Amino acid sequence: MNIRNVSLILNRELKSYFSSLTVYIVIIMFLLMTGYFFYNLVATFSIVSFQAQSDPMLAKQYQLLNINETVIRPLFGTIGIILLLMTPLLTMRLLAEEKKTGTIELLLTFPVDDVDVVLGKYLACLAVVLTMILLTVTYPVLLVAFGEPEVVPIVTGYLGLVLLGAAAISLGIFTSSLTENQIVSASLSFAMLFFFWFLGYSVQLVSAGLGQFLGYLSINEHIESMSKGVVDSTDIIYYLCFIALFLFLTLRSLEAKRWR
Amino acid sequence: MIEVENLTKEYGEFRAVDNISFTVEKGEILGFLGPNGAGKTTVMRILTCFFPPTKGKVMVAGYNCFEDSLNVRKRIGYLPQRVPLYEDMKVDDYLRFVAAIKGTPAKEVKRKAAKVMDDCGLSDVSHKLISTISGGYRQRVGIAQALVNDPEVLILDEPTVGLDPKQIKEIRTLIKELAGRHTVILSTHILPEVSILCGRVIIINQGKVVAEDRPENLRSESAQRMLLRINGNAPLIEQELSRVGGIKGVEREPASGDTHGFVVVFDDEKRGRQGIQAMIEKNKFELVEMRLLEVSLEDIFIKLVTKEEA
Ligand SMILES: Nc1ncnc2c1ncn2[C@@H]1O[C@H](COP(=O)(O)OP(=O)(O)OP(=O)(O)O)[C@@H](O)[C@H]1O
Ligand SMILES: [Mg+2]
């Protein structure tokens, strides 16, 4: 690995991201969708709290809940899912486009290791996703300004989102290495991300041991506990392994391309 | 500088390159000639480590393309046939990126990019997006990126395609200047280009080497043709021409007014030429034009390929 080459590729990739419309459209859609859900959650919360003032039964029930439970946790879950919807649109071009236009022929004959190429591209996409996640910080900031939520779950929730985004990108760059058609790449990413998402739902359908195992493999099961403020090392290890696996597969797929 | 031994490349079942061997000395310019689908691009892609051969050994600048590809890639500049460039970059940004990624120290990147833009006549378009420049300028950017780090070995796949005559001349001069310090392999369809630029030619057809020689030798081996334009009685001229010794055949060209055109194919150029001269003097024909025709690639080709099959 050569840090300079990684950063050269990262820079070029970032410039190319921001010189196309796609990134702006993705960021705007992401903010509109997450903003809409945030507004809904806050509106529901305030209506229920308002009603609870005149209804002692409801108030009692409601005291068990708080702003963390009713707004922040669902918000992280939703942002996570919207993130999974958006990342394939960002990752699809990373390698597929170079193959389509033929620029990969020059890129792979430059004196650069494949690892540097993959890492540079991966980090460029990660930077875009981090920007998107950072922009949503406005929501909890508003909550802190107007309410009294616990701060720790917010911080750990964000750690979870970053890991989730990083994992989704690694899968996306892998599907981008498989084809020269960006639509095929994005469709494959969607399909695989949703597979890893729905694994979490099959937990109840199978025996306890297997269920737990499938639950562990699910990609967004792990941000659940983080949005409660619990950081378990197994969750972090899960995401790191996920990322390492798909980056490795991407490298192999690039190599296989050369072999043919 | 470049050693290729028993190189074979198969795409699935299809054998695109079949047991080719050749060497290129330091400072030499080698021309790669062949019809479409001959396997020129395939050989170049192997030399540049884009993909490995199915069989055979390829050494560039003392390193094995397969085992030591990074060391090979450090020493080559490559212009792919399709000239794939990053359309969303500006010319100067692109060349700086390439210079840097090829290992130019950060301090020198700007200077090197500026120099190569100067050499390739790109200064006028340096701030334009690559997607907006004309085809000829794209081609020059492609050549510029191959040259930017002053590589020992240059591999150029059809470098002058799509350029206008003036640019072709400039680029040929540029390539010619590279000889000596750099080792160059270029592929082309154009025979004059080879005779102008290359010290040696390899002609390949269907993945096999069919000839390897200096361009002059190849040319003299193949049939010479001459165009004659003569005022007078056409059938008489034709009849007289066909009697001249050292000539294999005569073809009529379209006439303009009284001037009739003929292409003669020589068997023995010197004897034929003298015979024609004598014939014209004897008959007092009025000679308007007389010139040797460029031997075309097709001619050499047809000759070589038919020789192979015979
Ligand atoms: N990726 C590939 N997969 C399958 N076959 C291929 C591939 N690339 C090239 N070929 C085949 O290999 C043969 C040689 O192709 P190549 O591109 O090397 O020819 P070329 O001499 O460069 O031709 P041209 O003058 O048209 O550029 C052709 O028959 C081509 O169809
Ligand atoms: Mg070719």
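Predicted model only: the values in this text are computed from it and were never measured. (Residues numbered from 1 in each chain as written. Chains lettered and ligands numbered in written order. Predicted model: local features only at pLDDT ≥ 70, side-chain atom pairs only at ≥ 80, totals over all residues. Heavy atoms only, no water.)

**Section: the coordination of the magnesium ion (ligand 2)**
Geometry reference: four tetrahedral donors at a metal, ideal angle 109.5 degrees. Six octahedral donors, ideal angles 90 or 180 degrees.
Moving on, step 1. Coordination sphere of the magnesium ion (ligand 2), protein contribution only: B:Thr41 (OG1) and B:Gln81 (OE1), at 1.9 to 2.1 Å. Of this pair, B:Thr41 sits in helix α1 (residues 40-47) while B:Gln81 sits in the loop between β6 (76-79) and α3 (91-101), and the two are 40 residues apart along the sequence. (Donors = N, O, S within 2.8 Å, 3.2 Å for Na, K, Ca; no water. Helix = DSSP H or I, 4+ residues; strand = E, 2+ residues; numbered from the N terminus.)

**Quick look at the pairing of strand β10 (residues 208-213) of chain B**
Residue and element names in this part refer to chain B.
Moving on, step 1. In the sheet, strand β9 (residues 200-205) pairs with β10 via five bridges, with the strands oriented antiparallel. Looking across to β10, one finds that asparagine 205 is bridged to lysine 208.
Moving on, step 2. Connecting β9 to the antiparallel partner β10 that follows it, the hairpin turn spans two residues, and glutamine 206 within it adopts a positive phi of roughly 45°. (Pairing = 2+ DSSP bridges.)

**Quick look at the nonpolar core**
Moving on, step 1. Ranked by internal contacts, the top residues of the largest apolar core, which has 146 residues, are A:Ile219, B:Phe22, B:Val60, B:Tyr94 and B:Leu95.
Moving on, step 2. Ranked by the residues each element gives to this core, the list is headed by helix α9 (residues 152-178) of chain A, at 12 residues.
Moving on, step 3. When neighbours within four sequence positions are excluded, B:Val60 is seen to be in contact with B:Met1, B:Ile2, B:Leu47, B:Cys65, B:Val72, B:Ile76 and B:Val153.
Moving on, step 4. Grouped together as the second largest cluster of nonpolar side chains are 14 residues, B:Leu241, B:Phe266, B:Met279 and B:Phe285 included. (Core = buried A, V, L, I, M, F, W, Y, C linked by side-chain atoms within 4.5 Å. Buried < 20%, exposed > 50% of the residue type's maximum accessible area, 1.4 Å probe, protein only. Contact = heavy atoms within 4.5 Å.)

**A closer look at the site of ligand 1**
Residue and element names in this part refer to chain B.
Moving on, step 1. Asn36, Lys40, Thr41, Thr42 and Gln81 are the nearest of the 14 residues found near ligand 1.
Moving on, step 2. Here an oxygen atom of ligand 1 and a side-chain polar atom of threonine 41 are 2.6 Å apart.
Moving on, step 3. Within the side chain of glutamine 81, an N or O atom sits 2.8 Å from an oxygen atom of ligand 1.
Moving on, step 4. Coverage of ligand 1 by the protein amounts to 64% of the 640 Å² it exposes when considered alone.
Moving on, step 5. Listing elements by their share of the shell around ligand 1, those giving two or more residues are β2 (14-24) and α1.
Moving on, step 6. Of the residues forming the shell around ligand 1, the biggest block, three residues, is contributed by α1.
Moving on, step 7. Broken down by class, the residue content of the shell around ligand 1 amounts to five nonpolar, seven polar and two charged. (Near = heavy atom within 4 Å. Polar contact = N/O pair within 3.5 Å; in protein donor to acceptor, adjacent residues only side chain to side chain. Areas by Shrake-Rupley, 256 points an atom, 1.4 Å probe, with all protein chains shown as cover. Nonpolar A, V, L, I, M, F, W, Y, C, P; charged D, E, K, R; others polar.)

**Some remarks on the pairing of strand β1 (residues 2-11) of chain B**
Residue and element names in this part refer to chain B.
Moving on, step 1. Alignment of β1 against strand β4 (residues 55-60), held across five bridges, turns out to be antiparallel. Considered in β4, the bridge of isoleucine 2 is made with valine 60.
Moving on, step 2. Across seven bridges, β1 lies against β2 in antiparallel orientation. The partner of leucine 7 across the bridge, within β2, is isoleucine 20.

**Observations regarding the domain arrangement of chain B**
Moving on, step 1. Each domain of chain B was delimited in the assignment, giving domain 1 (2-216) and domain 2 (223-294).
Moving on, step 2. The C-alpha centroid of domain 2 of chain B is placed 42 Å from the C-alpha centroid of domain 1 of chain B. (Domains from an automatic or database assignment.)

**Examining a nonpolar patch on the surface**
Residue and element names in this part refer to chain A.
Moving on, step 1. A grouping of Phe18, Leu21, Tyr24, Ile25, Ile28, Met29 and Leu32 is seen on the molecular surface, where their side chains present a nonpolar patch of about 690 Å² in accessible area.
Moving on, step 2. If one sorts the elements of the nonpolar patch by residue count, helix α2 (residues 21-52) sits on top with six residues.
Moving on, step 3. The exposure class assigned to tyrosine 24 is partly exposed, which follows from its relative accessible area of 39%. (Patch = residues over 30% accessible without salt bridge, like charges linked within 9 Å, V, L, I, M, F, W, Y side chains within 5 Å. Salt bridge = Lys/Arg side-chain N within 4 Å of Asp/Glu carboxyl O.)

**Things to note about the interface of chain A and chain B**
Moving on, step 1. Listed per partner, the contact involves 25 residues of chain A and 31 residues of chain B.
Moving on, step 2. Carbon and sulfur atoms make up 61% of the area that chain A and chain B hide from each other, which totals about 2,600 Å².
Moving on, step 3. Sorting the residues of chain A by area buried against chain B places A:Arg12, A:Glu105 and A:Pro111 first, and these three jointly supply 26% of that buried surface.
Moving on, step 4. Applying the counting rule to chain A against chain B returns two salt bridges.
Moving on, step 5. Residue A:Glu105 is joined to B:Arg45 by a salt bridge in which the shortest nitrogen-to-oxygen separation is 2.9 Å.
Moving on, step 6. At the junction of chain A and chain B, the tally comes to 11 residue pairs in polar contact (both at pLDDT 80 or more).
Moving on, step 7. Put simply, the parts of the chain that give the side of chain A that touches chain B at least two residues each are α1 (3-18), α5 (93-101), α6 (103-107) and α13 (233-259) of chain A. (Buried area = accessible area lost by both parts, 1.4 Å probe.)

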